[in-house]
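# Inside the fold
As a plain string of letters, each chain reads:
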Amino acid sequence: MIELPPLDRVPTQADLLVTHEAIHPFVHRTPILTNRSLDELTGARLSFKCENFQRIGAFKMRGGASAALRFTEEQRERGLATHSSGNHAQAIASAAQQLGVPAYIVMPHDAPRVKVAAVRGYGAEITYCNNTPTERQAALEEVVARTGAAFIHPFDDYGVVAGQATAAMELIEDTDDTLDYILTPVGGGGLLAGTALAAHYFSLRARVCGAEPEGVDDAARSLRSGRIEVNETNHTVSDGLRTHLGERTFPIIHRHVSEIFVVTDEETVAAMRLIWERMKIIVEPSCSVPLAAVLRYPEQFRGKHVGIILTGGNVDVDRLPF
């Protein structure tokens, strides 16, 4: 196992390369799929990086493993802790299980049942809280004080950003750097920031853009204003995108991301259904936002090679939005 040094600055190209090597035992190199009917529908050439096939069913495994490997063995022995509504929770629980250490996860009461069941299945101890940033943080602080576990932030952590960057590194390499655009969803910005760094270091041409629901459009507003904006509500079907950008992720996004597109929940659900029906794969609502953006803004992407990171496939099939 490769031990990674702590990261207290924006990851360099060398940081991303060693991170990609270090997390190899913890993650899959996921495939890239294409679909002729979606190409015809959008007028673009689409390449989907299928992180819904990743371990734990989401890209979050990359950042979770990267961050976990940056603690000393002594620190890890006391356990890993985080707060998350689902996919990051699963990533930390799985990383802890693979490392043979405890995991302590704070989850909101309304977290998707499929994600709660998965976290429990990895052997983690779950503490429930109300779904507000203040109550999540308070519950986490109590857990850390009780256990001494090492906290891994869901997105605002340079180690997490370096891990998430590896998805785009593989996408760029496996498409021979022919991409005109790379699109990701954006919530806290860990994936978008990592993708932006990967394109900056490893692509000669790809522009990186984000996509988010209009009900939680803080990232689009932040990019326009030049400062971190927050949302007054978290009403969106995309449960993984309800948070705002972090102090570490925002500067990277502000510097390297071209644009953030906003879509409605109705457009997201329609895009999700298209992926299920045309590609025959399971994706969650948050994952479908970038395709919704391509469909909403066809003039932006027509005739272009567009890489889309399908971020996850952890859905409660008893509560589908379509």
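Basis of the calculations
- Residues numbered from 1 in each chain as written.
- Predicted model: local features only at pLDDT ≥ 70, side-chain atom pairs only at ≥ 80, totals over all residues.
- Heavy atoms only, no water.
- Pairing = 2+ DSSP bridges.
- Helix = DSSP H or I, 4+ residues; strand = E, 2+ residues; numbered from the N terminus.
- Contact = heavy atoms within 4.5 Å.
- Axes fitted to C-alpha atoms, helices over the stretch in contact; angles between N-to-C directions.
- Buried < 20%, exposed > 50% of the residue type's maximum accessible area, 1.4 Å probe, protein only.
- Arc of directions from axis to C-beta.
- Core = buried A, V, L, I, M, F, W, Y, C linked by side-chain atoms within 4.5 Å.

### Digging into the sheet that holds strand 7 (residues 181-185)
If you walk across this open sheet you meet the 6 strands as 1-2-10-7-8-9, and the pairing is mixed. Each edge of the sheet is formed by a strand with only one pairing partner; in this case those strands are strand 1 (32-33) and strand 9 (259-263). Bridge count for strand 7 against strand 8 (residues 207-213) is 5 bridges, and the pairing is parallel. Bridging across to strand 8, Y181 finds its partner in R207. With respect to the sheet, helix 13 (residues 285-296) is in contact with strand 2 (45-50), strand 7, strand 8, strand 9 and strand 10 (305-310), its orientation differing from that of strand 7 by roughly 135 degrees.

### Brief notes about helix 1 (residues 13-22)
Those residues of helix 1 that fall on the buried side of the exposure criterion are D15, L16, T19 and A22. Along helix 1, the residues classed as buried sweep out an arc of 130 degrees about the axis, all on the same side. Looking at helix 1, the residues exposed on the side facing more than 90 degrees away from the buried face are A14 and E21. Along its buried surface, helix 1 packs onto helix 3 (60-68), helix 8 (158-174) and helix 9 (190-202).

### Structural notes on the nonpolar core
Counting 35 residues, the largest nonpolar core has I182, L192, V208, I253, V257 and I260 as the members making the most contacts within it. Those elements that place two or more of their residues in this core are helix 8, helix 9, helix 10 (218-225), helix 11 (249-256) and strand 9. Looking at this core, the element that brings in the most residues is helix 8, giving 9 residues. Grouped together as the second largest cluster of nonpolar side chains are 33 residues, A68, A89, I92 and A95 included.

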